[in-house]
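Reading the structure
Each chain is listed here by its residues.
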Amino acid sequence: GESVGLHLPTLSVQEGDNSIINCAYSNSASDYFIWYKQESGKGPQFIIDIRSNMDKRQGQRVTVLLNKTVKHLSLQIAATQPGDSAVYFCAENFKTGNQFYFGTGTSLTVIP
Amino acid sequence: GAGVSQSPSNKVTEKGKDVELRCDPISGHTALYWYRQSLGQGLEFLIYFQGNSAPDKSGLPSDRFSAERTGGSVSTLTIQRTQQEDSAVYLCASSSGRGQPQHFGDGTRLSIL
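The sections below set out a description of the structure shown in this document. Along each chain, the written sequence defines residue order, and numbers are assigned to residues from 1. Chain letters start at A and ligand numbers start at 1, both assigned in the order the entries are written. Given that the model is predicted, a residue must reach a pLDDT of at least 70 before its local features are reported, and side-chain atom pairs must reach 80 or more before they are shown or counted; all residues, however, enter totals for whole chains, interfaces and linings. Hydrogens and water are ignored here; the side-chain numbers use all heavy atoms of the structure.

This brings us to the interface of chain B and chain A. The contact definition used throughout considers only heavy atoms, calling two residues in contact when any of these lie within 4.5 Å. Taken together, the contacts link 20 residues of chain B with 24 residues of chain A. Buried area: the accessible area, evaluated with a 1.4 Å probe, that two parts lose upon being put together, summed over both parts. Summing both partners gives a buried area of about 1,700 Å² for chain B against chain A, and 49% of it is carried by carbon and sulfur. Only one rule defines a salt bridge in this text: a Lys or Arg side-chain nitrogen within 4 Å of an Asp or Glu carboxyl oxygen. On inspection of chain B and its partner chain A, the count reaches zero salt bridges. Side-chain atoms alone can form a polar contact between residues adjacent in sequence; in general such a contact is a pair of N or O atoms within 3.5 Å, and within protein one must be able to donate a hydrogen while the other accepts it. Where chain B touches chain A, the interface holds four residue pairs in polar contact (both at pLDDT 80 or more). Strands here are runs of E lasting at least two residues and helices are runs of H or I lasting at least four, both read from the DSSP assignment and numbered beginning at the N terminus. Going through the elements one at a time, β4 (31–37) and β5 (43–50) of chain B are the ones with two or more residues in the side of chain B that touches chain A. Its residues assigned to classes, the side of chain B that touches chain A comprises eight nonpolar, nine polar and three charged. Each residue gets one of three labels, nonpolar for Ala, Val, Leu, Ile, Met, Phe, Trp, Tyr, Cys and Pro, charged for Asp, Glu, Lys and Arg, and polar for the others, Gly among them.

Structure below.
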């Protein structure tokens, strides 16, 4: 089967530092990727997306980088705040499919 | 506008009972997804509805699971003869179509005793 994996299950950063969360995907046919943030007891919240015709996309304090050569996706959070503490998931969508495949998530803890 | 709404938020039932979980998608969203999330795990795709097309049921784990979407809006996920391994959070998401961001509800936490 296809897999979407994350390199680090947990990440701790100091408040104000930048965070980088990584994700590896295995299907070169994936053409759409999303990063989600999930807080305890809540559903995943959309953060940012990127399509395969792009390498980089920026939002407010977040940047997603896509490296199709090595099938790698990263989420960068600038000036990390305590409210950023959550589990972060990447998800990939195959070009010909309806499904999104999710990784197991990275738990980000921001230390005040 | 309202987001995706799921009910109940929590459900505890005995093994062998049937359960129905409800999802109200964002108004106007044609695509609706159901996922299952076990503790500390990622999301497992269950089923996908797009407009009036036949649903993609490829993720349903057994024939005890079924879902329907009435009038292209509200969806119900039914689990018959529940088993303990069915305990999980069931999440619903909707989007304006394939290749568009999914917006999730807060899920139904199902516990099978």
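Residue and element names in this part refer to chain A. The term disulfide is used for any two cysteine sulfur atoms that are within 2.5 Å. One pass over the structure, following the stated rule, counts two disulfides over all chains. Residue Cys23 pairs covalently with Cys90 via a disulfide, S to S 1.8 Å. Negative torsions about the S-S bond denote left-handed disulfides, and the value of about 45° found for Cys23 with Cys90 makes this one right-handed. Of the two residues, Cys23 sits in strand β3 (residues 19–25) while Cys90 sits in strand β9 (residues 86–94), which places them 67 residues apart along the sequence. To sort residues, take the accessible area from a 1.4 Å probe on protein chains only and compare it with the maximum for the residue type: under 20% means buried, over 50% means exposed, and anything in between is partly exposed. Using a relative accessible area of 1% as the deciding quantity, one classes Cys23 as buried.

Turning our eyes to something else, we now look at the pattern of salt bridges. Two side chains with opposite charge may pair up if their charged atoms get near one another. Under the defined criterion, the tally for this structure stands at six salt bridges over all chains. Note that A:Arg57 is salt-bridged to A:Asp49, the shortest N-O span being 2.2 Å. The closest approach of N and O atoms between B:Asp86 and B:Arg64, which form a salt bridge, is 2.8 Å. Within this pair, whereas B:Asp86 is found in the loop between β7 (75–79) and β8 (88–95), its partner B:Arg64 is found in the loop between β5 and β6 (65–69), the two being separated by 22 residues in sequence.

Residues and elements named next belong to chain B. Only strands joined by at least two bridges in the DSSP assignment are considered to pair. Read from one edge of the open sheet, four strands run β1-β3-β7-β6, paired in antiparallel fashion. Both edges of this open sheet fall to β1 (5–7) and β6, since each of them pairs with a single strand only. Strand after strand, the sheet turns through a mean of 15° between neighbouring axes, direction not considered. Note that β6 and β7 share five bridges and pair antiparallel. Opposite Ser66, over in β7, you have Thr78 as the bridge partner. Axes, fitted as lines to C-alpha atoms, cover a helix only where it is in contact. Angles between the N-to-C directions of the axes lie from 0 to 180 degrees.

With that settled, the discussion passes to the layout of surface pockets. Regions of empty space are outlined by a rolling probe, equal in size to a water molecule, passed over the atoms. A cavity here means a set of points on a 1 Å grid, drawn over the protein atoms and nothing else, where a 1.4 Å probe fits but cannot get out; a pocket is an open set with protein on both sides within 12 Å along at least five of seven lines, and a residue lines either one if it has an atom within 4 Å of a point. Grid points are joined across faces, edges and corners, and a volume is the space filled by probe spheres set on the points. Size it by volume and the largest pocket reaches roughly 600 Å³. Lining the largest pocket are 30 residues, and of these A:Gln38, A:Gly41, B:Gln37, B:Val89 and B:Arg109 sit closest to its centre. Of all the secondary structure elements, the ones that give two or more residues to the lining of the largest pocket are β9 and β11 (106–111) of chain A together with β8 and β10 (108–112) of chain B. With four residues, the single largest contributor to the lining of the largest pocket is β10(B).

What follows concerns the pairing of β10(B). Residues and elements named next belong to chain B. Because side chains alternate across β10, one face comprises the buried residues Thr108, Leu110 and Ile112, and the other comprises Arg109 and Ser111, none of which is buried. In the sheet, strand β2 (residues 10–13) pairs with β10 via four bridges, with the strands oriented parallel. In the sheet register, Thr13 faces β10, and the bridge partner there is Ile112. Relative to β10, β8 is paired through three bridges, and the arrangement is antiparallel. Along β10, the bridge assignment pairs Ala88 with Leu110.

Residues B:Ser7 and B:Pro8 are joined by a peptide bond in cis, for which omega reads -10°. Within the chain, A:Arg61 stands out as a residue other than glycine whose phi angle is a positive 65°. Structurally, the position occupied by A:Arg61 is in the loop between β6 (56–58) and β7 (62–67). The backbone of A:Lys71 sits at a positive phi, close to 50°, despite the residue not being glycine. Here A:Lys71 is to be found in the loop between β7 and β8 (72–77).

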